[in-house]
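Working through the structure, step by step
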Amino acid sequence: MTASDKPEIIQTGPLMAYAADQLKSRFVVHELWNAPDHAALLRQVSGRVRGVAAGGGHNRVDVALFDALPKLEIASSFGVGYDHVDAAEAGRRGVVVTNTPDVLTDEVADLAIGLLLATVRQLPQVDRYLREGKWLKANYPLTTSLRKRSVGIVGLGRIGKAVAHRLEAFGLSVAYHGRSRQEDVAYRYYPSLVEMAADVDTLISVAPGGASTHHIINAEVLKALGPNGIVVNVGRGTVIDEQALIKALQDKTILSAGLDVFEDEPRVPAELIAIEHAVLLPHVGSASVHTREAMGQLLVDNLVSWFDGKGPLTPVPETPWKKA
């Protein structure tokens, strides 16, 4: 395939070389994030670009980009969450949107359990205690435990189910809250998040971002969770009202929190960082070489499949594509 035969795409952000090299071998790639003048690049390629590879940094794929690329057919997004893509608007315009589900399920579920353990047993704090030589003077204070905890999962999708499966191995009871009851699971369903929070002492959020989940874990939910409550979030930072969470931690309305995601990444409020008993990670849920390569490969495969005339592999629900 000569350069003139290759479809042209916009890459909105960096990808691992494993995926980026494949894109360059198959497409004419315009690196939007590297362009000194984004608007000038978009004007230059406006009539030729047919695809978008929504890479690292979660740069917005929205109305402005759609308007700038009238020939756009597909936006292939890196990650299972795609709130950085206006999928509804894409659907109205007949633009296919894909994401990278399944390939990161186990990695994120593992991280959720690790973050829960780290928060409950204060593992980062214990590590610092030893490194600072404090063990020479006294044993670390006793921590809380996973024993007898009950967990409510917010968002029982693929990752939520994988988390639940792991929690069962720890002998913990599991309930869930979501848009609707799922008939194929035995866990107790709560249509009200406040009611679930009142009945459990641990919330694990795996919910996606977007308007429907914005700040659903709020001051009322945190108060219902109670003084022994722990919140873990590996979904999207916007699901939690961050200021309400900070106040709940400061006032000891809840016990602790383990967070891998935040409202305004990579900016984390200083007040949250100052809370010693919270465990904070820089959005590393899927951040292993193995999983990020698999995600990048699926991003590439969706574009290749589309331009080979085979349709998208993992279209999101809002996309107009219908399997034959």
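Use the structure listed above.
Predicted model, so just to flag it, every value in this text is computed and none were measured.

Of regular secondary structure, the chain possesses twelve helices and twelve strands. Relative to the 2.2 N^0.38 estimate, which gives 20 Å for 324 residues, the radius of gyration of the chain is 22 Å and therefore close to what a compact globule would have. Going through the 324 residues of the chain one by one, you find that 50% of them count as buried. If you sum the accessible surface of the chain, you get close to 15700 Å²; carbon and sulfur atoms cover 54% of it. Charge separation in the chain, taken as the distance between the mean sites of 33 positive and 37 negative side-chain charges, equals 2 Å.

Scanning the model with the defined rule gives three aromatic pairs in all. On the numbers, 5.7 Å between centres and 65° between planes, the contact of Phe 27 with Phe 307 is edge-to-face. In this pair, Phe 27 is assigned in the loop between helix H1 (17–26) and strand S2 (28–31) and Phe 307 in helix H12 (residues 289–307), connecting sequence segments 280 residues apart. The cationic tip of Arg 26 hangs over the ring face of Phe 27; the distance from NZ or CZ to the ring centre is 5.4 Å.

Our next topic: the nonpolar core. Judged by nonpolar contacts, the single largest core of 48 residues is most densely connected at Leu 23, Ile 153, Val 163, Leu 167 and Leu 303. At the level of elements, H1, helix H5 (105–120), strand S6 (150–154), helix H7 (158–169), strand S7 (173–177), strand S10 (230–233) and H12 are the ones that each hand at least two residues to this core. When residues in this core are grouped by element, the largest group, nine residues, is from H5. Ignoring any residue separated from it by four or fewer positions in sequence, one finds Ile 153 in contact with Gly 160, Val 163, Ala 164, Leu 167, Val 174, Ala 175, Tyr 176, His 177, Met 196, Ile 204 and Val 206. In this structure, Leu 193, Val 221, Ala 244 and Phe 262 belong to the second largest nonpolar core, which totals 28 residues.

Let us now look at the sheet that holds strand S4 (residues 74–77). The strand order across the open sheet built from five strands is S2-S1-S3-S4-S5, with neighbouring strands paired in parallel fashion. At either end of the open sheet lies a strand with only one pairing partner, and these are S2 and strand S5 (96–98). The average angle at which neighbouring strand axes cross in this sheet is 20°, direction not considered. As judged from the four bridges shared by strand S1 (residues 8–11) and strand S3 (residues 49–54), these two strands associate in the parallel manner. Residue pairing for S3: Ile 9 is matched across the bridge by Gly 51. Relative to S2, H1 is tilted by about 125°, and along the sheet it contacts S1, S2 and S3. With respect to the sheet, H12 is in contact with S1, S3, S4 and S5, its orientation differing from that of S4 by roughly 160°.

Cut-offs and rules
Residues numbered from 1 in each chain as written. Predicted model: local features only at pLDDT ≥ 70, side-chain atom pairs only at ≥ 80, totals over all residues. Heavy atoms only, no water. Helix = DSSP H or I, 4+ residues; strand = E, 2+ residues; numbered from the N terminus. Rg over C-alpha atoms; globule rule 2.2 N^0.38 Å. Buried < 20%, exposed > 50% of the residue type's maximum accessible area, 1.4 Å probe, protein only. Areas by Shrake-Rupley, 256 points an atom, 1.4 Å probe, with all protein chains shown as cover. Lys, Arg positive; Asp, Glu negative; His and termini not counted. Charge placed at Lys NZ, Arg CZ, Asp CG, Glu CD. Phe/Tyr/Trp six-rings, centres within 6.5 Å; stacked < 30°, edge-to-face > 60°. Lys NZ or Arg CZ within 6 Å of the ring centre and 35° of its normal. Core = buried A, V, L, I, M, F, W, Y, C linked by side-chain atoms within 4.5 Å. Contact = heavy atoms within 4.5 Å. Pairing = 2+ DSSP bridges. Axes fitted to C-alpha atoms, helices over the stretch in contact; angles between N-to-C directions.

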